[in-house]
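Read off the chains here:
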Amino acid sequence: MASLSSTTVLLLLISLNVSAFFIAVSAGTFYEDIDIKWGDDRAKILENGQLLTLSLDRACGAGFQSKNEFLFGRIEMQLKLVPGNSAGTVTAFYLSSQGPTHDEIDFEFLGNLSGDPYTVHTNIYTQGKGEREQQFHLWFDPTADFHTYSFTWNPKHIIFSVDDTPIREFKNLESIGVPYPKNQAMSLYSSLWDAEDWATRGGLIKTDWSQAPFTASYRHFNTNACIWSAGKSSCSSASSAFIGADNSWLAPELDPRGVEKLMWVRRNYMIYNYCTDSSRFPGGFPAECQAASNS
C-alpha cells in the first residue's frame, strides 16, 4: 500500500473520529507479548521467546492470546502449518472481542491429506453475526516454511494478506446498513484443535491419530497498532513520535498494485465465496455482496 504523508494521516484520522496518535509498534518476544491460555505443555515458547509451538494430540489441543487488545492496526505473524497428513485439524489465527455481540476477523487453516492443499478459511463477524466466509488455496506449501499472515484493520476496510499479498478486502459499508467492526477492541488468538467432523471435505476425512502429535509453529509476531487499555486507546493523544512512522495501514483503500494482487488471488485461488452461493441466501444476497469489492 502507498505510504501516506503526515498531513494526509491527520486528515484521515480526524475525519474518522480517531484523534491522532501514538501508534504502538511491537516486535518483542513471545514471553512479552503472549499468554498461553490452554493446552498445558502442548503450547511451548522456545528459543529465548522467538519461537512458539502448539501441538494437538487425541486428548487436547492448545491455544494462546495476545497480552494486548487492539482497536485498529496491522497485526501479523509468521506461521508454519501442520505438515503431512493434517486432515481433521484446524489452526485458527484470529482477532476477536468478547461477548455475544463480539466482533471477529478470522483466518482458519483447514488441514488435508498429505499432498492435498490446505484450505484457508476466512470470516468476519460483526455484532456477533458471521456467515461471511471466503475460502482459498495457497500458491505455496504452507508447511514447508514460515509465511506471514496479517490483518490490516482501519476504520475504512479490513485486509487479509499472505506474504504481503492481499487475498481479501472487506470495506466499511455502514452507509448501506452493513455493520462494521470499529467499536470493540480485539485480542489476537491462535489455537490448534480437532475439527474432524467438518474441517476436511465436510467431515468425510477424519483425523489420523497415528500421526499425532500435530504441531504448528509461530514466530515474528509484529504489531503496528492502537492498543486499547483501561478504556482508552494509545491513539487518543497527540504525539510527534508518530510522524514518520510506518502508517501505511491507515490507507483508506488498496493502491493499484494491491488491487492487482487481490484480483490475481481471487481469479486463481479462491474456491468459495458466500457472495455467490445462492443456495444459502434464497431471499437475496447480503447487502455487502452488491458492492464490487466483496462480490
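What counts, and at which threshold
- Residues numbered from 1 in each chain as written.
- Predicted model: local features only at pLDDT ≥ 70, side-chain atom pairs only at ≥ 80, totals over all residues.
- Heavy atoms only, no water.
- Helix = DSSP H or I, 4+ residues; strand = E, 2+ residues; numbered from the N terminus.
- Buried < 20%, exposed > 50% of the residue type's maximum accessible area, 1.4 Å probe, protein only.
- Contact = heavy atoms within 4.5 Å.
- Areas by Shrake-Rupley, 256 points an atom, 1.4 Å probe, with all protein chains shown as cover.
- Polar contact = N/O pair within 3.5 Å; in protein donor to acceptor, adjacent residues only side chain to side chain.
- Phe/Tyr/Trp six-rings, centres within 6.5 Å; stacked < 30°, edge-to-face > 60°.
- Pairing = 2+ DSSP bridges.
- Core = buried A, V, L, I, M, F, W, Y, C linked by side-chain atoms within 4.5 Å.
- Disulfide = S-S within 2.5 Å.

**Student:** What's the story with the overall build of the protein chain in this structure? I'm lost.
**Tutor:** The helix and strand tally for the protein chain stands at three helices and 16 strands. Expressed as a percentage of its 295 residues, the buried residues of the protein chain come to 54%. In the protein chain, of all internal contacts separated by at least 6 residues, the share reaching a separation of at least 24 is 68%. Counting every atom, the protein chain has about 13100 Å² of accessible surface; 49% of that belongs to carbon and sulfur.

**Student:** It is not clear to me how the side chain of Ser66 should be interpreted in this structure. Could you clarify?
**Tutor:** The residue Ser66 is located in strand E5 (residues 62–80) in this model. Under the relative-accessibility criterion, Ser66 is labelled buried at 2%. From its side chain, Ser66 meets the backbone oxygen of Asn68 in a polar contact 2.7 Å long. Not counting chain neighbours up to four residues away, the residues in contact with Ser66 comprise Asp33, Ile34, Ser187, Leu188 and Phe221.

**Student:** Explain the packing of aromatic side chains here, please?
**Tutor:** Two measures describe an aromatic ring pair: the distance that separates the ring centres and the angle between the ring planes. Throughout the structure, instances matching the rule amount to 20 aromatic pairs. Each ring, one from Phe107 and one from Phe109, has its centre 5.6 Å from the other, and the planes form 10 degrees; the classification is stacked. For Phe107, a relative accessible area of 0% corresponds to the buried category. Its relative accessible area of 0% is what places Phe109 among the buried residues. A ring pair is formed by Trp264 and Tyr269, whose centres lie 5.2 Å apart and whose planes are at 65 degrees; its orientation type is edge-to-face. Feature note: the residues Phe93, Phe107, Phe109, Tyr149, Phe151 and Phe160 constitute an aromatic cluster, connected by ring pairs.

**Student:** What exactly am I supposed to notice about the pairing of strand E10 (residues 147–153) here?
**Tutor:** Regular strands show a simple pattern: their side chains alternate between the two faces of the sheet. By the criterion of burial, E10 is predominantly enclosed, with seven of the seven residues buried. Side-chain alternation along E10 places His147, Tyr149, Phe151 and Trp153 on one buried face and Thr148, Ser150 and Thr152 on a second face that is also buried. Where E5 and E10 come together, seven bridges link them in antiparallel fashion. Residue pairing across strands places Gly73 opposite Trp153, the latter belonging to E10. Here five bridges tie E10 to strand E11 (residues 157–162), and the two strands are oriented antiparallel to one another.

**Student:** Would you mind going over the nonpolar core with me for this structure?
**Tutor:** The tendency in soluble globular proteins is for nonpolar side chains to be buried as a group. Counting 59 residues, the largest nonpolar core has Met77, Phe93, Phe107, Phe109, Tyr149, Trp153 and Tyr218 as its most contacted members. Broken down by element, the residue count for this core peaks at eight residues, all from E5. Excluding residues within four positions of it along the chain, Trp153 makes contact with Phe70, Leu71, Phe72, Gly73, Leu95, Ile105, Ile158, Tyr180, Pro181, Gln184, Met186 and Trp249.

**Student:** Honestly, the state of the cysteines in this entry has me stumped. Any pointers?
**Tutor:** Throughout this description, disulfide means a covalent bond between two cysteine sulfur atoms. The full count for this structure, using the stated rule, is two disulfides. What pairs with Cys226 in a disulfide is Cys235, and their sulfur atoms sit 1.9 Å apart. Because the sign of the S-S torsion sets the handedness, a value of about -100 degrees for the bond joining Cys226 and Cys235 places this disulfide among the left-handed ones. The same class applies to Cys226 as to Cys235, namely buried. Paired through a disulfide, Cys275 and Cys289 show a sulfur-sulfur distance of 2.0 Å.

**Student:** Would you explain the environment of Glu104 in this entry?
**Tutor:** By the element assignment, Glu104 lies in strand E7 (residues 104–110). Considering only alpha carbons, one finds Glu104 and Met186, 82 residues apart in sequence, at a separation of 7.6 Å. Those residues in contact with Glu104 that lie beyond four places of it in its chain are Tyr94, Leu95, Ser96, Asn123, Ile124, Tyr125 and Met186.

**Student:** Just to check I follow, could you spell out unusual backbone geometry for this structure?
**Tutor:** Cis peptide bonds are those with omega within 30 degrees of zero, and the linkage from Ala212 to Pro213 qualifies with 5 degrees. For Pro213, the location among the structural elements is in the loop between strand E13 (186–194) and strand E14 (214–229). Its identity is not glycine, yet Asp163 carries a phi of approximately 50 degrees, on the positive side. Position of Asp163 relative to the elements: it lies in the loop between E11 and strand E12 (165–171). The class for Asp163 is partly exposed, based on a relative accessible area of 31%. Of note in the backbone geometry, His220 takes a positive phi value of approximately 55 degrees without being a glycine.

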